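Residues per chain, in single letters:
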Amino acid sequence: MAHSMQRTLKESISASAADPILRTVIKATDSEMNLPKRKHLEALLSFTHRQDVSMTEVIDGLFNRLEEGTWVVCMKMLYTIHRLLRDGHERFASALATRTALFSLHDFDDRKTPNGLIMSSFVRNYSSYLSEKVANIRLLGYDVCHVKGARQAVEFKSVAPPALFRNMESIQSLVECLLLNMRDIKDTRREEQFEVQVIAGDYRRNPLIQGAVQLLFQDTLRIFVCLNDGIVNILERYFKMQKKDAVDAFKIYDRFIEECKNMTSFFDYCKSVGVTDGRNIPDLLQAPTKLRPTLKDYIDNYGTKKGADGELDVKNAIQSS
């Protein structure tokens, strides 16, 4: 089977030799059990910066690789798209965001290759997250995880409601989608335990899975920065909000506390498989859960002195964080 797949690859490269984009796409997403080679990724990244290259051609070339039907090729296609979103020119993300139908992999099953059915679960989950990521780009107009996205994401520190609420809910949905698709709840009667769905045996050391988890780890760090900035922004405005806005803000705050718990579990897993690159991981369990009763009191006693009494506590918590 391996020989047949290799022969098909060579034939594909030969057939597309006249088109450097398709040739590079095929080489980057071949059937070898390794991450795409650096030189092929760099070539594709350079295409995103060239005004004479159509992003439609790059995107179509990548999605056409799904026709191979194997989990390895699909994973390398998804990984490549993730890298282009993060490190490529913003025009690639903009072009991808114009497409409403993207990753039709919700029922993907690889029955051709060894362990294909097991690995297909990760492919489905990874594609689900990337679909949510593109939807988030469509809403915000930029990718918060892009290398240049940090400059645009400063708006989380200053934007006012209702745009603040809309943006926060969007990236909360994004990180919740990431964590939901990357965890396996072993026993709902006990505390939820994070686990990548394919960690059994040697699968947790598979280079394709590890490469994807590393990108997901980096995305989560960047999303947390935006979430944290947005929460501080909300807290600074909270005691001046009308009750309706305060209720919406409180729901966002509650979600943030739960997200911090789940992100901590994810980061612990990432450390265990060695994909954190020695980066400093914030102590998310220090999220100010103690402020929750104070924020709730403001809603329950809206318009009274008791409701406003907690403002100083919140200000002190922000300054000490």
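Residues numbered from 1 in each chain as written. Predicted model: local features only at pLDDT ≥ 70, side-chain atom pairs only at ≥ 80, totals over all residues. Heavy atoms only, no water.

## Focus on the overall build of the chain
Within the chain one finds 15 helices and 0 strands. A burial count over the chain gives 51% of its 321 residues as buried. Partitioning the contacts of the chain with sequence separation of at least 6, the portion at a separation of at least 24 is 75%. (Helix = DSSP H or I, 4+ residues; strand = E, 2+ residues; numbered from the N terminus. Buried < 20%, exposed > 50% of the residue type's maximum accessible area, 1.4 Å probe, protein only. Contact = heavy atoms within 4.5 Å.)

## Quick word on the packing of aromatic side chains
One pass over the structure, following the stated rule, counts 8 aromatic pairs. On the numbers, 5.6 Å between centres and 80° between planes, the contact of tyrosine 298 with tyrosine 302 is edge-to-face. Residue tyrosine 302 is classed as partly exposed on the basis of its relative accessible area of 33%. Each member of the aromatic cluster is reached from another via a ring pair, and the members are Tyr238, Phe239, Tyr298 and Tyr302. (Phe/Tyr/Trp six-rings, centres within 6.5 Å; stacked < 30°, edge-to-face > 60°.)

## Considering helix H3 (residues 38-49)
Its 12 residues give H3 an end-to-end C-alpha distance of 17 Å, which sits within 8% of 16 Å, the value for a rise of 1.5 Å per residue. For H3, the complete set of buried residues consists of His40, Leu41, Leu44, Leu45, Phe47 and Thr48. Taken down its axis, H3 places every buried residue within 150° of arc, on the same side. In H3, the exposed positions angled more than 90 degrees off the buried face are occupied by Arg38 and Lys39. Close packing links the buried residues of H3 with helix H2 (20-28), helix H4 (55-63), helix H5 (71-87) and helix H6 (90-97). (Expected span 1.5 Å × (residues − 1). Arc of directions from axis to C-beta.)

## Regarding empty space enclosed by the protein
All chains considered together, the criterion is met by 1 cavity of 30 Å³ or more. Reported here for the largest cavity is a volume of approximately 50 Å³. If you trace the largest cavity, you find 10 residues lining it, with Leu235, Glu236, Phe239, Glu311 and Lys315 closest to the centre. Sorting the residues of the lining of the largest cavity by element identifies helix H11 (207-237) and helix H15 (311-320) as the ones contributing at least two each. (1 Å grid on protein atoms, 1.4 Å probe; cavity = no way out; pocket = protein on both sides within 12 Å on 5 of 7 lines; lining within 4 Å. Points joined across faces, edges and corners; volume = space filled by probe spheres on them.)

## What about unusual backbone geometry?
Proline 162 follows proline 161 through a cis peptide bond whose omega is 5°. Relative to the helices and strands, proline 162 is located in the loop between helix H9 (155-158) and helix H10 (163-181). Unusually for a residue other than glycine, asparagine 115 sits at a positive phi of about 65°. Secondary-structure assignment places asparagine 115 in the loop between H6 and helix H7 (116-140). Residue asparagine 115 is classed as partly exposed on the basis of its relative accessible area of 38%. In this structure, aspartate 277 is a non-glycine residue whose phi angle is positive, near 55°. Its location among the elements puts aspartate 277 in the loop between helix H12 (243-272) and helix H13 (292-300).

## Some thoughts on H6
Burial of H6 is extensive: 6 of the 8 residues sit out of reach of the surface. Tucked inside the fold, the buried residues of H6 contact H3, H4, H5 and H7.

## Some words on the nonpolar core
Counting 98 residues, the largest nonpolar core has Phe92, Tyr126 and Tyr238 as the members making the most contacts within it. Sort the elements by how many residues they give to this core and H11 lands first, with 15 residues. Excluding residues that lie within four positions of it along the chain, tyrosine 126 makes contacts with Met75, Leu78, Tyr79, His82, Met182, Ala212, Leu215 and Leu216. (Core = buried A, V, L, I, M, F, W, Y, C linked by side-chain atoms within 4.5 Å.)

## Section: the confidence of the model for the chain
In this model, the chain carries a mean pLDDT of 84, and residues with pLDDT of at least 70 account for 83%. Looking over the chain, one finds the lowest element-wise mean pLDDT in helix H1 (residues 2-15), namely 54, and the highest in H3, namely 97. Across residues 184-202 the pLDDT falls below 50, and counting only partners more than four positions away or on other chains, this stretch makes 32 contacts in the model. (pLDDT = per-residue confidence, 0-100.)

## Examining the pattern of salt bridges
All told, the structure shown has 16 salt bridges when counted by the stated rule. Measuring nitrogen to oxygen at the nearest pair gives 2.7 Å for the salt bridge that ties arginine 292 to aspartate 254. Remark: aspartate 254 occurs in helix H12 and arginine 292 occurs in helix H13; sequence separation between them is 38 residues. When its relative accessible area of 34% is taken as the criterion, arginine 292 is described as partly exposed. On the basis of relative accessible area, aspartate 254 is assigned to the partly exposed category, the value being 27%. Its salt-bridge partner being aspartate 268, residue lysine 271 comes within 3.8 Å of it at the nearest N-O pair. Here lysine 271 and its partner aspartate 268 are both found in helix H12, 3 residues apart, which amounts to about one turn of the helix. (Salt bridge = Lys/Arg side-chain N within 4 Å of Asp/Glu carboxyl O.)

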